[in-house]
There are 2 protein chains.
Amino acid sequence: MPQLEVIIIDFETNDPIAFVNKDVDLNLDKQARIKGPLDQQLVVLARGLVESGQAGISPSFAQKLGVVAGDAVSILPRTRPSSYAHIRKKFHGESSWTHQEIREIVGDIYAGNLTDLEMSAFLMAQQYLSLDLNEIEALTKSIAEYGERIQFEEEEVYDKHSIGGVPGNKVSLLIVPIVAAAGLLIPKTSSRAITSPSGTADTFEVVANVDFSAEEIQEIAPKIRGMLVWGGGVNLVPVDDMIINRIERPLSLDPRSMIIASILSKKISTSVNHLVLDMPVGIGTKIETRADAVDLGHLFVEVGRRINVQIDAALTYASQPLGHTVGPALEAEEAIQTLRNKGPTSIREKATELAGILIEMGGLANRGHGQQVADDILTSGKAYEKFSEIVEAQGGNPELKIDDLPIGQYTDKIYAPKDGYIISMSNTAVKAIAKAAGAPTDKGAGVRIFRKLGEFVRAGDPIVEVIAERESALEHALLVSKQMPLVTLEGMVLERISSVG
Amino acid sequence: MPQLEVIIIDFETNDPIAFVNKDVDLNLDKQARIKGPLDQQLVVLARGLVESGQAGISPSFAQKLGVVAGDAVSILPRTRPSSYAHIRKKFHGESSWTHQEIREIVGDIYAGNLTDLEMSAFLMAQQYLSLDLNEIEALTKSIAEYGERIQFEEEEVYDKHSIGGVPGNKVSLLIVPIVAAAGLLIPKTSSRAITSPSGTADTFEVVANVDFSAEEIQEIAPKIRGMLVWGGGVNLVPVDDMIINRIERPLSLDPRSMIIASILSKKISTSVNHLVLDMPVGIGTKIETRADAVDLGHLFVEVGRRINVQIDAALTYASQPLGHTVGPALEAEEAIQTLRNKGPTSIREKATELAGILIEMGGLANRGHGQQVADDILTSGKAYEKFSEIVEAQGGNPELKIDDLPIGQYTDKIYAPKDGYIISMSNTAVKAIAKAAGAPTDKGAGVRIFRKLGEFVRAGDPIVEVIAERESALEHALLVSKQMPLVTLEGMVLERISSVG
């Protein structure tokens, strides 16, 4: 292969592209690699634009490759990594992967050696052949081998994690201060919303900074006992991010083994060894049936045991949104009200139940008595005090008033079309409406829920209020609400099937 | 979305790229589409290189999009085609696809609406969940809906097809003239080698032209009764080509349903309704066990019945290369020798067996007597006469002498390392050596096989001769031969497992 001289062209792209003159006979197909000081996959080979003897690459790709203008590079055929043979062996049957095989596959994902197609084959094998416990353990450990770690001098580290899917799930904003007020160390890292209207990090960001380095977390958390930070601020498990961004999201694919490995590898990386796992079950969440949730919960507990993380998996009711608000600022408002003992029972109950489990794990209450301890902490005002401490430690204003929260100015209501009991409220519709209204990017956007499952409504009663920061977003949300049924009222005709004529 | 002005940038690439200025706020992820007179997927969005308000695209992409410099285009978020929901439904179980669902998926593949990842999910569902007969029938018919057709005035059209995998399989060069000499219409389209050292089209191209349009085939074949052409010269089943090029080859994936749909959709497109299917079975071929071959054969016959193609699937022995040559010119040589009644028995037997089945299907012999008729045609010289006619009709020289065949000048031999009976000969090694020697691109490259399975050899006896057109290719082939065992000799120690020390 000829040596080519690097020239830098001012463009950027997600894929590593090199421009090569048409005169250069490369005889390569789409898959190639480029070799400078470092070796990188070259996804697309675009020909033209540069002189013969030159390779035109973008500034960011030059940096990745360790070259500057004038350096020499070679473009070579791609060699398929040997780990792809491990992936392929699943095509023809059920044989399990060894720990070493999974380690090699994950190592090649990290190094960028597997193409998106090859990576998707890895995920499809997991989807269609369900990994066994040994394989999930190996996957979890292998993913945790890469990335930064958060480590503490004390040994016992607590955490709460939700599998996700239920809108309005703001309980982490209560659980962290309750558990921290009890004296346990709970440095919670959360995601921002991916497909939901607000992640815990989005919600807490309304009142404080959530972007901290590993060093900062290691310094602040032991003093305050609790933190609520954005996991993405630390490069914790890059392999998991690559799998999610490159494969799972584009394909709407989420195999059970990856749900477990994704969550538990982060627990290894953040030194967590006691975990309460919130598993919302219900239509429109990640797990739709109780039987599936029980199976998944058992897998979580057993894989946790193998990686020294004590797990209690708690199935929670999730057939409608939690509490009465959805969206970052609206959820922060409701969490703060509940911390001040003015919030809805549903949130208080769920938060103290889950916090109570951690308090029991920490030996601060006997089994069955943790919730009472948590409830006392909440009632006494100590949880709210701790919340304010955390807000202050994370650069927020601990004196913030409820009225200062940036709730959107554009609002409209959705009304009951007729009389009847609400027999279902759609998580999917609430999420879609809140997102259309601008959440989570517009912090003040979302939905306020006035009436919930089981309540009787009269035609014309408002069921929810849609809130937006921009008029166009409000209109968009109302349009979405017309396409998705938000509630079912008893006696409604669900579908009408007629003969023609 | 802002309207952007097209400018043409002089480059080419496999992926549809647009360059947009960094100032334009597109808020799109990697998946987007571009809308001019036509709507096209936009795989990569590269930013930079052009002024704000411009979209820089390549000449070929502009043509696809139906725009010229100065036209207006919009860049929009990609909308996922609804057929992806059909693909996804297989993630969670065994439910079958309806004909209409498969038709929609295939239509979206043809239109370029499914990304490579989404297409691979379609193939993975087939690999892991094995389609049922109705699904395979629907897949076959849907793939055949797109592309050119070859049609004849007469109704009965015969064909021979090999599933492939055995090196040296030159029997089509005998079967077509035998069957045509018997009077049946057999306009055979073949592939070029993909992963093998020579496809039928590569081999016949040594003596004649193989690149014909549908019109030319429709005109020539009925007169001569037989042709041997390259299927790729006609755009027969573009969807199958897309699936093979974009997914199956990059992933080394070949689900059974696609093997059937790929072959039988081409039979629909070429109006074939009587087919003898050669199914080589053996280690190093596509089907390694007899049981698998029997299953696959039954599926072929039944799907054939549903699409009105009469199929006889013939399992053939394939645990070593067929005959004594591998590589385009070498295989042409051996085929011609056999047509002149001077070739090896193995080729003569296989060719007359398969030709005999077609002769029986055509009603020219009773069941069990077709091979005798085929053998008589071969012995009489009529098959060779017909071969020469076909060569001439396809622009070759019917007077060509064996010595005129362009066999490579660089040769070396591989010798038996010790005394013993040959108890196995590796298809995989023979293919790899012939390809390393330059086949099929170098027509004269390949392997001559002197000794075969069951024969006794003495240490130092030549087993094969490696032939190349270039010295460097010969060296490469010899290097490959040192890394892959070509034969196993009885009494050889296959593996030695020792304790340490």
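Residues numbered from 1 in each chain as written. Chains lettered and ligands numbered in written order. Predicted model: local features only at pLDDT ≥ 70, side-chain atom pairs only at ≥ 80, totals over all residues.

1. Remarks on the overall build of chain A
Per the secondary structure count, chain A includes 17 helices and 20 strands. The C-alpha atoms of chain A give 26 Å as radius of gyration, which agrees with the globular expectation for 501 residues (23 Å, within 12%). Each principal axis of the C-alpha distribution contributes one length, and for chain A these read about 75 × 70 × 50 Å. Residue burial in chain A is summarised as follows: out of 501 residues, 51% are buried. (Helix = DSSP H or I, 4+ residues; strand = E, 2+ residues; numbered from the N terminus. Rg over C-alpha atoms; globule rule 2.2 N^0.38 Å. Buried ≥ 20, exposed ≤ 12 C-beta atoms within 10 Å, placed from the backbone.)

2. A closer look at the interface of chain B and chain A
At the junction of the two partners, chain B supplies 32 residues and chain A supplies 32 residues. Those elements that place two or more of their residues in the side of chain B that touches chain A are β2 (11-12), β3 (17-20), β6 (44-48), α4 (116-129) and α9 (238-251) of chain B. Ranked by the residues each element gives to the side of chain B that touches chain A, the list is headed by α4 of chain B, at nine residues. Here the side of chain B that touches chain A is built from residues that sort into 18 nonpolar, six polar and eight charged. (Contact = placed C-beta atoms within 7 Å. Nonpolar A, V, L, I, M, F, W, Y, C, P; charged D, E, K, R; others polar.)

3. Examining helix α10 (residues 256-269) of chain B
Residue and element names in this part refer to chain B. With 14 residues, α10 extends 20 Å from end C-alpha to end C-alpha; this agrees with the ideal 20 Å at 1.5 Å per step. The element α10 is extensively covered by neighbouring structure, given that 12 of its 14 residues are classed as buried. Within α10, burial applies to S257, M258, I260, A261, S262, I263, L264, S265, K266, K267, I268 and S269. (Expected span 1.5 Å × (residues − 1).)

4. Points about the sheet that holds strand β12 (residues 274-281) of chain A
Residue and element names in this part refer to chain A. Taken in spatial order, the three strands make up an open sheet running β9-β12-β13, and their pairing is parallel. What marks the edges here is a single partner per strand, and that holds for β9 (158-162) and β13 (310-317). The sheet shows a mean angle of 20° between the axes of neighbouring strands, direction not considered. For β12 and β13, the ladder comprises eight bridges, and the chain directions are parallel. Within β13, the position partnered with L277 by the bridge is A313. This element, helix α13 (residues 345-361), spans β9, β12 and β13 of the sheet and lies at about 150° to β12. (Pairing = 2+ DSSP bridges. Axes fitted to C-alpha atoms, helices over the stretch in contact; angles between N-to-C directions.)

5. Observations regarding the packing of helix α6 (residues 172-181) of chain B against helix α15 (residues 382-393) of chain B
Residues and elements named next belong to chain B. One can describe the packing of α6 onto α15 by two numbers: an axis separation of 8 Å at closest approach and a directional angle of 105°. On the basis of their axis angle, the class for α6 and α15 is roughly perpendicular. Along its contact with α6, which presents L174, P177, I178, A180 and A181, the element α15 presents K382, A383, K386, F387 and I390. Class assignment of the residues belonging to the contact of α6 with α15 gives a composition of eight nonpolar, no polar and two charged. (Parallel < 35°, antiparallel > 145°, perpendicular 65-115°, else oblique.)

6. Quick look at unusual backbone geometry
The omega angle of the peptide bond from A439 of chain A to P440 of chain A is 0°, so this bond is cis rather than trans. Structurally, P440 of chain A is set in the loop between α16 (427-436) and β17 (446-449). Here S271 of chain B, not a glycine, exhibits a phi torsion of approximately 60°, which is positive. Secondary-structure assignment places S271 of chain B in the loop between α10 and β12 (274-281).

7. So, the sheet that holds strand β18 (residues 456-457) of chain B
All names here are of chain B. Ordered in space as β18-β16-β20, the three strands form an open sheet in which the pairing is antiparallel. One side of each edge strand has no neighbouring strand; the edge strands of this open sheet are β18 and β20 (487-489). Relative to β18, strand β16 (residues 420-425) runs antiparallel, the two sharing two bridges. In the sheet register, Y421 faces β18, and the bridge partner there is F456.

8. Details of the nonpolar core
Of all hydrophobic cores here, the largest spans 268 residues; its most connected members are I178, V179 and A437 of chain A together with I178, V179 and A437 of chain B. Setting aside residues up to four positions removed in sequence, V179 of chain B forms contacts with Y158, L184, I186, G226, A355, L358 and I359 of chain B. Counting 44 residues, the second largest nonpolar core, distinct from the first, contains V6, I9 and L65 of chain A together with A62 of chain B. (Core = buried A, V, L, I, M, F, W, Y, C linked by C-beta atoms within 7 Å.)

9. What about the relation of the copies chain B and chain A?
Copy one and copy two of the chain differ by a rotation about a common axis and a shift along it. Under the fitted operation, chain B is carried onto chain A by 0.1 Å of movement along the axis and a turn of 180°, and the coordinates agree to an RMSD of 0.2 Å. Those values place the two copies in the arrangement expected of a two-fold rotation axis. Most of the interface of chain B is mirrored in chain A, where 100% of its interface residues are also at the interface. (Least-squares fit on C-alpha atoms with pLDDT ≥ 70 in both.)

10. Notes on helix α15 (residues 382-393) of chain A
Residue and element names in this part refer to chain A. Between its first and last C-alpha atoms α15 spans 16 Å; for 12 residues at 1.5 Å apiece the expected length is 16 Å, and the two agree. Here α15 has its buried residues at A383, Y384, K386, F387, I390 and V391. Down the axis of α15, the sector holding all buried residues measures 160°, keeping them to one side. Lining the buried residues of α15 we find α6 (172-181), α8 (214-224), β11 (226-230), α12 (328-339) and α14 (370-379). One or two steps after α15, the chain reaches G395, where phi turns positive at roughly 80°. (Arc of directions from axis to C-beta.)

11. Comments concerning the environment of V391 of chain B
Residue and element names in this part refer to chain B. Note that V391 resides in helix α15. For V391, a count of 21 C-beta atoms within 10 Å puts it in the buried group. C-alpha separation for the pair V391 and T270, spaced 121 residues apart in sequence, amounts to 21 Å. When neighbours within four sequence positions are excluded, V391 is seen to be in contact with V207, A208, G396 and P398.

12. Some thoughts on the environment of Q3 of chain B
Residues and elements named next belong to chain B. Along the polypeptide, Q3 turns up in strand β1 (residues 3-8). For Q3, a count of 12 C-beta atoms within 10 Å corresponds to the exposed category. The sequence separation of Q3 and I143 amounts to 140 residues, and the corresponding C-alpha distance is 36 Å. Discounting residues that sit within four places of it in the chain, Q3 has contacts with A72 and S74.

13. Brief notes about the confidence of the model for chain A
Here chain A averages 91 in pLDDT, and 95% of its residues register 70 or above. The ipTM, which scores confidence in the relative placement of chains, is 0.85 for this predicted complex, and the corresponding pTM is 0.87. (pLDDT = per-residue confidence, 0-100.)

14. Some points on the packing of helix α4 (residues 116-129) of chain A against α4 of chain B
In the contact formed by α4 of chain A and α4 of chain B, the axes pass within 10 Å of each other and the chain directions differ by 40°. As the angle between them shows, α4 of chain A and α4 of chain B are arranged oblique. Here the hand of the crossing between α4 of chain A and α4 of chain B comes out right-handed. Seen from α4 of chain A, the contacting residues are D116, L117, S120, A121, M124, Y128 and L129 of chain A; seen from α4 of chain B, they are D116, L117, S120, A121, M124, Y128 and L129 of chain B. (Left-handed = near helix turned anticlockwise from the far one by under 90°.)

15. A short note on the environment of L45 of chain A
Mapped onto the secondary structure, L45 of chain A falls in strand β6 (residues 44-48). Considering only alpha carbons, one finds L45 of chain A and I17 of chain A, 28 residues apart in sequence, at a separation of 5.9 Å.

16. Digging into the pairing of strand β10 (residues 186-190) of chain B
Remark: a regular strand shows side chains that alternate across the two faces of the sheet. Residues and elements named next belong to chain B. With respect to burial, β10 is a largely interior element, five of its five residues being buried. On β10, burial covers both faces: I186, K188 and S190 on one face and P187 and T189 on the other are all buried. Of the pairings in the sheet, the one linking β10 to strand β11 (residues 226-230) comprises five bridges and is parallel in character. Across the sheet, P187 pairs through a bridge with M227, a residue of β11.

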